Amino acid sequence: MKPIHKNTHALRQQILKSAVASFKIEGIKISADTAIKALKKIEAKMAKSSQ
């Protein structure tokens, strides 16, 4: 069952912000565009594996 989020946009923004911060902690600087691309790939793999 897919969880229902009332504010999906805010959740995605939080995930992206966290991803950028996590890479920054490791000394890796990534752009927001790179984080978005990575999140889309992860979402696609998760959707495929849940089928």
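Remember, it's a predicted structure, so these values are computed and weren't measured experimentally. (Residues numbered from 1 in each chain as written. Predicted model: local features only at pLDDT ≥ 70, side-chain atom pairs only at ≥ 80, totals over all residues. Heavy atoms only, no water.)

Draft legend 1. Representation of the overall build of the protein chain within the structure. Across its full length, the protein chain carries two helices and zero strands. Computed over C-alpha atoms, the radius of gyration of the protein chain comes to 12 Å, more than 25% over the 10 Å expected from 2.2 N^0.38 for 51 residues, which places it beyond the range of a compact globule. Taken over the C-alpha atoms alone, the protein chain extends approximately 35 × 25 × 15 Å along its principal axes. Buried residues in the protein chain amount to 8% of all 51 residues. With an accessible surface of roughly 5000 Å², the protein chain has 61% of that area assigned to carbon and sulfur atoms. (Helix = DSSP H or I, 4+ residues; strand = E, 2+ residues; numbered from the N terminus. Rg over C-alpha atoms; globule rule 2.2 N^0.38 Å. Buried < 20%, exposed > 50% of the residue type's maximum accessible area, 1.4 Å probe, protein only. Areas by Shrake-Rupley, 256 points an atom, 1.4 Å probe, with all protein chains shown as cover.)

Draft legend 2. Fine view of the packing of helix 1 (residues 8-25) against helix 2 (residues 32-49). Two elements in contact, helix 1 and helix 2, have axes separated by 10 Å at closest approach and are oriented at 115°. Of the two possible hands of crossing, helix 1 and helix 2 adopt the one that is right-handed. Residues Arg12, Ile15, Leu16 and Val20 of helix 1 lie in contact with helix 2, whose contacting residues are Ala35, Ile36, Leu39 and Glu43. Tallied by class, residues from the contact of helix 1 with helix 2 come to six nonpolar, no polar and two charged. (Axes fitted to C-alpha atoms, helices over the stretch in contact; angles between N-to-C directions. Left-handed = near helix turned anticlockwise from the far one by under 90°. Contact = heavy atoms within 4.5 Å. Nonpolar A, V, L, I, M, F, W, Y, C, P; charged D, E, K, R; others polar.)

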